[in-house]
Protein chains: 2
Amino acid sequence: MDLRASAGDARRAARRLALSPATQRNAGLEAIALALEARRAEILKANQQDLETAGGMVARGELPQPLVKRLDLGGSKFAGVVEMVRSVRAQADPLGRTLAATELAQGLRLFRVSVPIGVIGVIFESRPDALVQIASLCLKAGDAVLLKGGREAARTNQVLFEVIARATEEAGLPQGWVWLMETREEVRELLALDEYLDLIVPRGSNEFVRYIMEHTHIPVTGHAEGICHVYVDRAADLDKALRISVDSKTQYAAVCNAAETLLVHREIAPAFLARAVPALKEKGVALRGDARALALVEGAFEPATEEDWRTEYLDYILSVRVVDSLEAAVEHINHYSSHHTDTIVTEDAQAASRFLRGVDSASVIHNASTRFADGFRYGLGAEVGISTGRLHSRGPVGLEGLVIYKYILEGEGHTVDDFEGAHPRPYTHRPLDLTWQPEDGRGI
Amino acid sequence: MDLRASAGDARRAARRLALSPATQRNAGLEAIALALEARRAEILKANQQDLETAGGMVARGELPQPLVKRLDLGGSKFAGVVEMVRSVRAQADPLGRTLAATELAQGLRLFRVSVPIGVIGVIFESRPDALVQIASLCLKAGDAVLLKGGREAARTNQVLFEVIARATEEAGLPQGWVWLMETREEVRELLALDEYLDLIVPRGSNEFVRYIMEHTHIPVTGHAEGICHVYVDRAADLDKALRISVDSKTQYAAVCNAAETLLVHREIAPAFLARAVPALKEKGVALRGDARALALVEGAFEPATEEDWRTEYLDYILSVRVVDSLEAAVEHINHYSSHHTDTIVTEDAQAASRFLRGVDSASVIHNASTRFADGFRYGLGAEVGISTGRLHSRGPVGLEGLVIYKYILEGEGHTVDDFEGAHPRPYTHRPLDLTWQPEDGRGI
């Protein structure tokens, strides 16, 4: 693969895609859904081969067992992937939307209209469903995309990419809007293609995201690790606290919105831990506690180290700390959290408000599992990832994270000079209830 | 100045500022306006000293004359600066706004609420009014800011900074929310303070913005140069074309939204250039033309080189090219423009649509001067700058460019497990007409 040539093709395809009507992009998405269904057996066969290779790696201790679950497209997951494509198709068109309209002065009207970002590079971990989600979202948003998945999913990704590229080409979309990179060498090469790429989206560990940021001048929105917390307040309902803690940790341990640390108010810690420890143990969770947790439930915990508070296990391990107050919990979270997703369990509405305002994370949650922090569950149709950055998009990123806007100003010969000097014309700056429409009515 | 310590202070101040009510931030802005008025003589004296130094530099050929105009706070400009602060104060509070509300399932409600970005570093050119604008916008948006202005404005900036810091401290705002850097060494140091800075905003030449991007891992939104175009279509009204061309080039030549290149459709070129050349010459504009322009008006042009199409003169110089079609104009602009601001002059609505859709720039304009591309004129109250990036904010950046959002999810003990498996609860994904309110009603 000649990456520079491919990126140039992607740039040209993006120019055409940006001007394509929603009907054409939606037809492309339906073509992807149909092609996935038609070639199900072929895709699952490739996936089975990837799973077998990964199984061998687990046996040799080269890969943690929970990560294998992310690879598997079998069972109900395949139908879920197809449903996701149709869910993206059903979303409102993110392009050509008038985000604001203002009359600047008589006869001078300003519109802010959504447009695609352009060409995006996405590097993601070993989840082949991510490839389909990201490609679908980019197509809907009018962006060309260069994809690189994890090597454990290489065979599955190759087939999925071929299915998507062929289906959309047959549906009349510009060839070259989607590319699959296969080697790390290509990723390194990609990082230097400033002139062709508008955005790079790395998903992975903090170290990986940092590596990408350090080796490119292309803008990056990082989707790094989730060190997510559940804080059980002194006014927590014990049943809710138990269910939310177990769900946040064990519902799917290998993903970034799973909880890694449980903070418990000291007043409720004896009653809560007496129930939570056996419930978590029963699910196979290994517990690491601070001194106070260790003292409360003898023999249940390994001692937690400073390193534990900074660790994304992605596994059946949970660190537990007893805190003196809600403020101490907020402070712990703002210090150790990856600013991803943090939950408070409490029946005290004032305490909830203080937590939701004070915790500086992309998702702050009251009385629900951290696992809800997800594009599909948030109603975005699907997600590019969960951004841990603070620019452009934060938390689960759907279509809105893949578009930007342009300003369109329409006048009647207006000059700035008329608005300055001795007898200046006045600005009106009046909001308008108008949407911008090009003359041919085709949308932007 | 111990920059690391100052940045740490800024981080702490930002945490407090993020939770401050709008009334307090607005009181701070009014205090700034009053203090500027009270200390007008002192500020203008410092400004006069800067102007004298700059005048000497112009005489020695070390600084182009038009750049001196940017330095000058005298005349009506001072009142404009104070008005700008009050205009920012009058803007709606950008914080705590519910940007979206969705019922995910019964009893599970998601809110997207605006919050500050955090700590921002802004490096800007020799315009002391920019310091006041940027500080005011950051305060309103709840962001702490570290500022670095051009050295030609050093004395003015120092006084302005002291006025702003003291006025806001006396108004009860957290000390340390605003800092002024004085040396390039400090800027270099700033670029390494990843842990304290959330965003760096460089304003200046492409080379300068690129230098900043290459030397930091902190996210950057670049405010680089404006290579702006006026395209006079074959269906242009000649009077409008003349006024817009002259205004775009000469109304204020030393700024990024001034035009640098004039493109003229070949059918209208003889009639248009016969009027435009003397009008521009009368304003003191030196013209550089392509071969066809040179042939049309003998002796009026220096020959333009390839380099001219890529140059931001910031001076009374204009390059002129005759093109065969609207498509050729769009192609020239997408190739040479800095994607800042480009105007078409035409009475043909279809042609205007094709231009507005096809030109990939932050501001695309029909029948008005490029000089309108400005935060104040666009009704944003003021501007941090004009972004030439495609992430987070594009074009004139006001308050919206200084905020991000967090997701707030409120449940009743919900777990993801209830929504999966054999008898899953359904997601409703229903838009809600609700705004998020913390229990104490103080806003976020």
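Cut-offs applied
Residues numbered from 1 in each chain as written. Chains lettered and ligands numbered in written order. Predicted model: local features only at pLDDT ≥ 70, side-chain atom pairs only at ≥ 80, totals over all residues. Pairing = 2+ DSSP bridges. Helix = DSSP H or I, 4+ residues; strand = E, 2+ residues; numbered from the N terminus. Buried ≥ 20, exposed ≤ 12 C-beta atoms within 10 Å, placed from the backbone. Domains from an automatic or database assignment. Nonpolar A, V, L, I, M, F, W, Y, C, P; charged D, E, K, R; others polar. Axes fitted to C-alpha atoms, helices over the stretch in contact; angles between N-to-C directions. Parallel < 35°, antiparallel > 145°, perpendicular 65-115°, else oblique. Left-handed = near helix turned anticlockwise from the far one by under 90°. Contact = placed C-beta atoms within 7 Å. Core = buried A, V, L, I, M, F, W, Y, C linked by C-beta atoms within 7 Å. pLDDT = per-residue confidence, 0-100.

Trainee: Go over the sheet that holds strand β9 (residues 286–289) of chain A with me, naming the residues and quoting the values.
Mentor: By way of backbone hydrogen bonds, the strands of a sheet pair with one another, either parallel or antiparallel. One open sheet accounts for 11 strands, arranged β10(A)-β9(A)-β11(A)-β8(A)-β7(A)-β12(A)-β13(A)-β16(B)-β2(B)-β1(B)-β17(B); its pairing is mixed. A single partner strand is all that each edge strand has here, and the edge strands are β10 (302–303) of chain A together with β17 (430–431) of chain B. Relative to strand β13 (residues 363–368) of chain A, strand β12 (residues 341–345) of chain A runs parallel, the two sharing 4 bridges. Pairing of threonine 341 of chain A across the sheet is with serine 363 of chain A, part of β13 of chain A.

Trainee: Requested: an account of the pairing of strand β11 (residues 317–323) of chain A, with residues and values cited.
Mentor: All names here are of chain A. By the criterion of burial, β11 is predominantly enclosed, with 6 of the 7 residues buried. Sheet topology places strand β8 (residues 259–265) next to β11; 5 bridges connect them, and they run parallel. Within β11, the position partnered with valine 264 by the bridge is valine 322.

Trainee: Which residues make up the domain arrangement of chain A, and what values go with them?
Mentor: For interface size, the figure often reported is the accessible area lost on association. Residues and elements named next belong to chain A. Domain assignment breaks chain A into domain 1 (3–223 + 384–403) and domain 2 (228–372). Inter-centroid distance (C-alpha atoms) of domain 1 to domain 2 is 33 Å. Listed by contribution, the elements that provide at least two residues to the side of domain 1 that touches domain 2 are α4 (65–71) and β14 (385–387). Among the elements that take part in the side of domain 1 that touches domain 2, α4 stands out by supplying 4 residues, more than any other. Broken down by class, the residue content of the side of domain 1 that touches domain 2 amounts to 4 nonpolar, 3 polar and 3 charged.

Trainee: So, the packing of helix α2 (residues 22–38) of chain A against helix α7 (residues 154–170) of chain A: which residues are in play, and what are the values?
Mentor: All names here are of chain A. Interaxial distance between α2 and α7 falls to 8 Å at its minimum, and their mutual angle equals 130 degrees. In terms of axis orientation, α2 runs oblique to α7. Both α2 and α7 take part in a crossing whose hand is right-handed. Packed against α2, whose contacting residues are Gly28, Ala31, Ile32, Ala35 and Leu36, the element α7 presents Val163, Ile164, Ala167, Thr168 and Glu170 at the interface. In the contact of α2 with α7, the residues fall into 7 nonpolar, 2 polar and 1 charged.

Trainee: I'd like to hear about the nonpolar core, residue by residue, with values.
Mentor: Ile134 and Leu147 of chain A together with Ile134 and Leu147 of chain B are the most contacted members of the largest nonpolar core, which has 279 residues in total. Counting residues per element, this core draws most heavily on helix α6 (residues 128–141) of chain A, which supplies 9 residues. Those residues in contact with leucine 147 of chain B that sit more than four places away from it in its chain are Val122, Leu131, Ile134, Ala135, Phe161, Trp179, Leu180 and Met181 of chain B.

Trainee: Describe the confidence of the model for chain A, with residues and values.
Mentor: Confidence in the prediction for chain A averages 94 pLDDT; 99% of positions are at 70 or higher. Interface confidence for the predicted complex, expressed as ipTM, amounts to 0.93; the pTM equals 0.92.

Trainee: Describe the sheet that holds strand β5 (residues 178–181) of chain A, with residues and values.
Mentor: Residues and elements named next belong to chain A. Ordered by their spatial adjacency, 4 strands build an open sheet running β5-β4-β3-β6, and the pairing between neighbours is parallel. At either margin of the open sheet sits one strand with a lone partner, and together these are β5 and β6 (199–202). Taken over all neighbouring pairs, the strand axes of this sheet differ in orientation by 15 degrees on average, direction set aside. The pairing of strand β3 (residues 119–123) with β6 spans 4 bridges and is parallel. Its bridge partner lying in β6, isoleucine 123 is registered against proline 202. Against the sheet, α6 makes contact with β3, β4 (144–148) and β5, and its axis sits at roughly 165 degrees relative to β4, the strand it touches most. Packing of α7 onto the sheet brings it into contact with β4 and β5, and relative to β5 it is tilted by some 165 degrees.

Trainee: Before we move on, could you go through the interface of chain B and chain A and cite the residues and values that matter?
Mentor: The interface is formed by 64 residues belonging to chain B together with 65 residues belonging to chain A. Contributing elements (two or more residues each) for the side of chain B that touches chain A: β1 (98–105), β2 (108–116), α9 (206–214), α10 (238–250), α15 (349–358), β13 (363–368) and β16 (403–414) of chain B. Counting residues per element, the side of chain B that touches chain A draws most heavily on β16 of chain B, at 11 residues. Judged from the 5 bridges that link them, strand β16 (residues 403–414) of chain A and β13 of chain B form a sheet pairing that is parallel. In the strand pairing of β13 of chain B, isoleucine 408 of chain A is matched with valine 364 of chain B.

Trainee: Hey, could you go over the packing of helix α5 (residues 76–90) of chain B against helix α6 (residues 128–140) of chain B for me, with residue numbers and the actual values?
Mentor: Residue and element names in this part refer to chain B. Remark: α5 packs on α6, axes separated minimally by 9 Å, with the N-to-C direction vectors making an angle of 10 degrees. Overall, the two elements α5 and α6 adopt an arrangement that is roughly parallel. Residues Lys77, Val81, Met84, Val85 and Val88 of α5 lie in contact with α6, whose contacting residues are Asp129, Val132, Gln133, Ser136, Leu137 and Lys140. Of the residues assigned to the contact of α5 with α6, the class counts are 6 nonpolar, 2 polar and 3 charged.

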